[in-house]
Amino acid sequence: MVNEAIRFREVLVIGPKGEQYGVLSRNEALTKAEEANLDLYCVSPGANPPVCKILDYGRFRYEQQKRTREARRNQHVTQIKAVRLSPVIEEHDFNTKLRHARKWLEEGSKVKVDMRFRGRLITRVEVGKKTMNRFLDEIKDLGSAEVRPKLEGNTMSVVISPAKKK
């Protein structure tokens, strides 16, 4: 809330340089702001009494937008890439999927490895565990599993996080 939009009877006023003016009526606070040729901005409307500051509102908004843009520029969104294995995967296919996962981990993305047990293969979970553990061993220099591989329904899955860069 700025200037005339402030509807509180009394407010605690902070000056443009951080000095305390104390609790003033709304009209006195607006007069002080006009004398300084600045705006009265309600910093904390939930406080008792509400806290208002005398400042240049246009400049304040500009600085706020600048900080928001800077924060957005510096944030990093982690992507999760998926690789699907089979318990009885051929060597060449295994190496191809391993190469893709290694590339994604080097780029900083997480990799989710899913292993589908189709048909009668669900009775051979130990074969799938062996393949999954082999995949994790091959890739452990670039990343580590967040949690152990777990079987949910007919799919065993694990998420691999990239290792911290030095």
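The structure under discussion appears in the preceding block.
Here is what the cut-offs are and how they apply
- Residues numbered from 1 in each chain as written.
- Predicted model: local features only at pLDDT ≥ 70, side-chain atom pairs only at ≥ 80, totals over all residues.
- Heavy atoms only, no water.
- Pairing = 2+ DSSP bridges.
- Helix = DSSP H or I, 4+ residues; strand = E, 2+ residues; numbered from the N terminus.
- Axes fitted to C-alpha atoms, helices over the stretch in contact; angles between N-to-C directions.
- Contact = heavy atoms within 4.5 Å.

A. How the structure looks around the sheet that holds strand β2 (residues 20-25). Across the sheet, four strands lie side by side as β2-β1-β4-β3; this open sheet has mixed pairing. Each having just a single partner strand, β2 and β3 (39-44) make up the two edges of the open sheet. Within this sheet the neighbouring strands show an average axis-to-axis angle of 35°, counted without direction. Sheet topology note: the β3/strand β4 (residues 51-55) ladder contains five bridges and is antiparallel. Counted as the bridge partner of Tyr41 is Lys53 from β4. Sitting on the sheet, helix α1 (residues 26-35) touches β1 (10-14), β2, β3 and β4, and the angle it makes with β2 is about 130°. Of the strands in this sheet, β3 and β4 touch helix α2 (residues 57-74), which is tilted by about 45° from β3.

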